[in-house]
Amino acid sequence: MKILVIGGGIGGLAVALALARTGQQVTVYERTSEIKEVGAGLTVWPNAVRVLQQLGLTEVLPSLGMPAHYRTIRTWQGKTLSRIHVDDISGSPIQVMHRADLQGALLRAVEAAGVPVELGKQCNGFTQDAGGVEASFADGTTAKGDLLIGADGIRSIVRQQLFGPPRIHYAGYSSWRGIASLNRDLIPFGISSETWGIGRRIGLIPLKDERVYWFVARTVPERDGKDEAPEKRKQRVQALFRGWHDPIEQVLEATEASMIIHADVYAIAPLTRWSEGRVVLVGDAAHAMAPNMGQGGCQAIEDAPVLAECLQAHATDIPTALRAYEMKRIPRVKRVADRSEWIGWLSQVNNPFWYGLRNVLVNALYTTALTRELTWLLQSS
């Protein structure tokens, strides 16, 4: 089977690698002219770590990042509201790494498997019939295959042609992300933490080489502050967390202003189908979700072996294979997305009264509830 993968991000590379390992003929088409550092930190939960190990990355994974054994939530003064020992649930920690490092490792594995990666290939659309599918690109070229996989992100061209204009909705909050280099004594090694305030929160996640990845979510109108200069952007973020517990202020101060990324948070209204004929979606193209469980990239990685297995099981009937893939993945992804949206609502409470009540409830119930959810997530993958 000749397979065209549109998109060279984490989801596209993972599915290309999974397919190549089952003997399929795969080519990846990436719209950018260079696959380079994009984004910031990434939490790879044990459910996705297991998939990456299945794909042959066992030896390289430890060199990409740091383990996080605990997941904590604190108040802005530093009081612990929830503390979960991830190892007790899954038997292994979260792996925290730079997104670019994981993408680079996947790219090297894909190339080692003999999969061509063609750059500068912006997909404009496709045509398909009973005999195959053909993708067209902005440079005037085309590519033919038996199957086309849309791994082209939240604003997917492939999804738009399959199902019409996407129903992308603003989550109600915006995000800022950055990486700081800190004195080793200030870095909370082994802990992935979030601190929740009123309408704002910040996460601190240690990386290798004495760096800390941080992210901020703030309840603001859509596109608020999108065009700010780097220094003003940094000052705005610092002002939001003045007086919060250590090492939050030190982390923000140690971050280079030009490296702070600001983006509004969006999600896709759930699709009831991810495929049509010989075309199928994976990753954010199929199920972009709010980042509150750290599962967006993980669920894209999970798509890869399931799609590969279904295509192998139904090698002579692509539509049947794609329906089997949907039946296995859609219910699971929907549950993760729903819980992620609920956590976003809870963490972004923007009223002083509800803030106090929220903290009482989180302190009493959240650890048990999230442990139950993570047990399902990690043990049923």
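Residues numbered from 1 in each chain as written. Predicted model: local features only at pLDDT ≥ 70, side-chain atom pairs only at ≥ 80, totals over all residues. Heavy atoms only, no water.

Q: Give a description of the environment of Gly178 that names residues and reports values.
A: Along the polypeptide, Gly178 turns up in strand S13 (residues 168-181). In this structure Gly178 comes out as buried when scored by relative accessible area, which is 2%. For the pair Gly178 and Phe215, spaced 37 residues apart in sequence, the C-alpha separation works out to 6.6 Å. In contact with Gly178, not counting residues within four places along its chain, are Val212, Tyr213, Trp214, Thr255 and Met259. (Helix = DSSP H or I, 4+ residues; strand = E, 2+ residues; numbered from the N terminus. Buried < 20%, exposed > 50% of the residue type's maximum accessible area, 1.4 Å probe, protein only. Contact = heavy atoms within 4.5 Å.)

Q: I'd like a description of the packing of helix H2 (residues 46-57) against helix H12 (residues 352-379), backed by residues and values.
A: In the contact formed by H2 and H12, the axes pass within 8 Å of each other and the chain directions differ by 10 degrees. With respect to H12, the axis of H2 lies roughly parallel. Judged by residue contacts, Pro46, Asn47 and Arg50 of H2 engage Leu377, Leu378 and Gln379 from H12. Of the residues belonging to the contact of H2 with H12, the class tally is three nonpolar, two polar and one charged. (Axes fitted to C-alpha atoms, helices over the stretch in contact; angles between N-to-C directions. Parallel < 35°, antiparallel > 145°, perpendicular 65-115°, else oblique. Nonpolar A, V, L, I, M, F, W, Y, C, P; charged D, E, K, R; others polar.)

Q: Can you break down unusual backbone geometry residue by residue, with the values?
A: Looking along the chain, the bond that leaves Asp246 and enters Pro247 is cis, with omega of 0 degrees. Among the structural elements, Pro247 can be located in the loop between helix H7 (230-240) and helix H8 (248-253). Of note, the phi angle at Glu210 is positive, near 55 degrees, even though the residue is not glycine. Structurally, the position occupied by Glu210 is in the loop between strand S15 (200-207) and strand S16 (211-219). One non-glycine residue with positive phi stands out, namely Arg223, at about 65 degrees. Relative to the elements of secondary structure, Arg223 occurs in the loop between S16 and H7.

Q: A description of empty space enclosed by the protein should follow, citing residues and the corresponding values.
A: Enumeration over the complete set of coordinates arrives at one cavity of 30 Å³ or more. Estimated volume of the largest cavity: approximately 100 Å³. The wall of the largest cavity is formed by Trp45, Arg71, Ile73, Glu194, Trp196, Asn292, Met293, Ile343, Tyr366, Leu370 and Leu374. Mapped by element, the contributors of at least two residues to the lining of the largest cavity are strand S5 (70-75), strand S14 (191-196) and H12. No other element matches the three residues that H12 contributes to the lining of the largest cavity. Grouping the amino acids of the lining of the largest cavity by side-chain chemistry returns eight nonpolar, one polar and two charged. (1 Å grid on protein atoms, 1.4 Å probe; cavity = no way out; pocket = protein on both sides within 12 Å on 5 of 7 lines; lining within 4 Å. Points joined across faces, edges and corners; volume = space filled by probe spheres on them.)

Q: Any details on a nonpolar patch on the surface? Residues and values, ideally.
A: Together, Phe353, Trp354, Leu357, Val360, Leu361 and Leu365 make up a nonpolar patch on the protein surface, roughly 620 Å² of accessible area in all. Within the element layout of this structure, Leu357 appears in helix H12. (Patch = residues over 30% accessible without salt bridge, like charges linked within 9 Å, V, L, I, M, F, W, Y side chains within 5 Å. Areas by Shrake-Rupley, 256 points an atom, 1.4 Å probe, with all protein chains shown as cover. Salt bridge = Lys/Arg side-chain N within 4 Å of Asp/Glu carboxyl O.)

Q: I'd like a description of the side chain of Glu228, backed by residues and values.
A: Tracing the backbone shows Glu228 in the loop between S16 and H7. Residue Glu228 is classed as buried on the basis of its relative accessible area, which comes to 15%. A polar side-chain atom of Glu228 sits 3.3 Å from a polar atom in the side chain of Arg236. Other than its neighbours up to four places away in sequence, Glu228 contacts Arg233 and Arg236. (Polar contact = N/O pair within 3.5 Å; in protein donor to acceptor, adjacent residues only side chain to side chain.)

Q: How would you sum up the pattern of salt bridges? Please name residues and give values.
A: According to the stated counting rule, one finds 12 salt bridges in the structure shown. The network of salt bridges with shared partners includes Glu302, Asp303, Arg329 and Arg332.

Q: Which residues make up the sheet that holds S15, and what values do they have?
A: The strand order across the open sheet built from seven strands is S6-S5-S14-S15-S16-S13-S17, with neighbouring strands paired in mixed fashion. Two strands lie at the open edges of the sheet, namely strand S6 (80-85) and strand S17 (261-268), each paired on one side alone. This sheet shows a mean twist of 20 degrees between the axes of neighbouring strands, independent of strand direction. With nine bridges connecting them, S13 and S16 associate as antiparallel partners. Within S16, the position partnered with Gly178 by the bridge is Trp214. The sheet strands contacting H12 are S5, S6 and S14, and the helix crosses S6 at an angle near 5 degrees. (Pairing = 2+ DSSP bridges.)

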